[in-house]
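Structural characterization, general
Listed below, chain by chain, are the residues.
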Amino acid sequence: MPYIQIDMLEGRSHEQIKKIVKDITEVMVQDANAKAEAVHIVVRESKTDHIAAAGILKSEM
């Protein structure tokens, strides 16, 4: 039973996230021989002022 976690910055639409999880599920079915109903995906979106790189908040880049 694959569990997949996706961490990304906020800003994608509901339709974009829907497509992402559909596409990833299809890859797991094709390449990992998983059953679609066994693939669990968690999408976590972070605000740009809660993530930093090189000491700079993403919201300030």
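Residues numbered from 1 in each chain as written. Predicted model: local features only at pLDDT ≥ 70, side-chain atom pairs only at ≥ 80, totals over all residues. Heavy atoms only, no water.

1. Quick look at the nonpolar core
Put simply, the rule reads: Nonpolar core, defined: a set of buried Ala, Val, Leu, Ile, Met, Phe, Trp, Tyr and Cys residues in which side-chain atoms within 4.5 Å join the residues together. Burial classes: relative accessible area under 20% of the type maximum marks a residue as buried, over 50% as exposed, and values in between as partly exposed (1.4 Å probe, protein chains only). Only DSSP runs of H or I covering at least 4 residues are called helices, and only runs of E covering at least 2 are called strands; the numbering of each starts at the N terminus. Contact definition: two residues touch when any of their heavy atoms are within 4.5 Å.
Counting six residues, the largest nonpolar core consists of Ile4, Ile6, Met8, Ile17, Ala34 and Val39. When residues of this core are assigned to their parent elements, the largest contribution, three residues, is made by strand 1 (residues 3-9). In contact with Ile6, not counting residues within four places along its chain, are Ile20, Ile24, Ile41, Val42, Val43 and Arg44.

2. Section: the pattern of salt bridges
We apply this condition: By convention in these notes, a salt bridge is any Lys or Arg side-chain nitrogen within 4 Å of a carboxyl oxygen on Asp or Glu.
This structure, assessed with the given rule, holds three salt bridges. Arg44 is the partner of Asp7 in a salt bridge, and the nearest nitrogen-oxygen pair spans 2.8 Å. Residue Asp7 is located in strand 1, and its partner Arg44 is located in strand 2 (residues 40-46); the two are separated by 37 residues in the primary sequence. Between Asp23 and Lys19 there is a salt bridge, with its nearest N and O atoms 2.6 Å apart. With Asp23 and Lys19 both in helix 1 (residues 14-32) and four residues apart, the pair spans about one turn of that helix. Classification of Asp23 as partly exposed rests on a relative accessible area of 28%.

3. Focus: the environment of Asp7
The test is simple: Polar contacts, as used here, are pairs of N or O atoms within 3.5 Å; protein pairs need one atom able to donate a hydrogen and one able to accept it. Residues neighboring in sequence count only if both atoms are side-chain atoms.
Separated by 35 residues in sequence, Asp7 and Val42 place their C-alpha atoms 8.5 Å apart. Of note is the side chain of Asp7, whose polar atom sits 2.8 Å from the side chain of Arg44.

4. Thoughts on the environment of Lys18
Position of Lys18 among the secondary structure elements: in helix 1. On the basis of relative accessibility, which here comes to 49%, the residue Lys18 falls in the partly exposed class. Residues Lys18 and Asp7, spaced eleven residues apart in sequence, show a C-alpha to C-alpha distance of 15 Å.

5. A look at unusual backbone geometry
A positive phi angle is found at Asn33, which is not glycine, with a value near 55°. Inspection of the secondary structure assignment puts Asn33 in the loop between helix 1 and strand 2. For Ala54, which is not a glycine, the phi torsion comes out positive at approximately 55°. By the element assignment, Ala54 lies in the loop between strand 3 (52-53) and strand 4 (56-57). Residue classification places Ala54 among the exposed residues on the basis of a relative accessible area of 81%.

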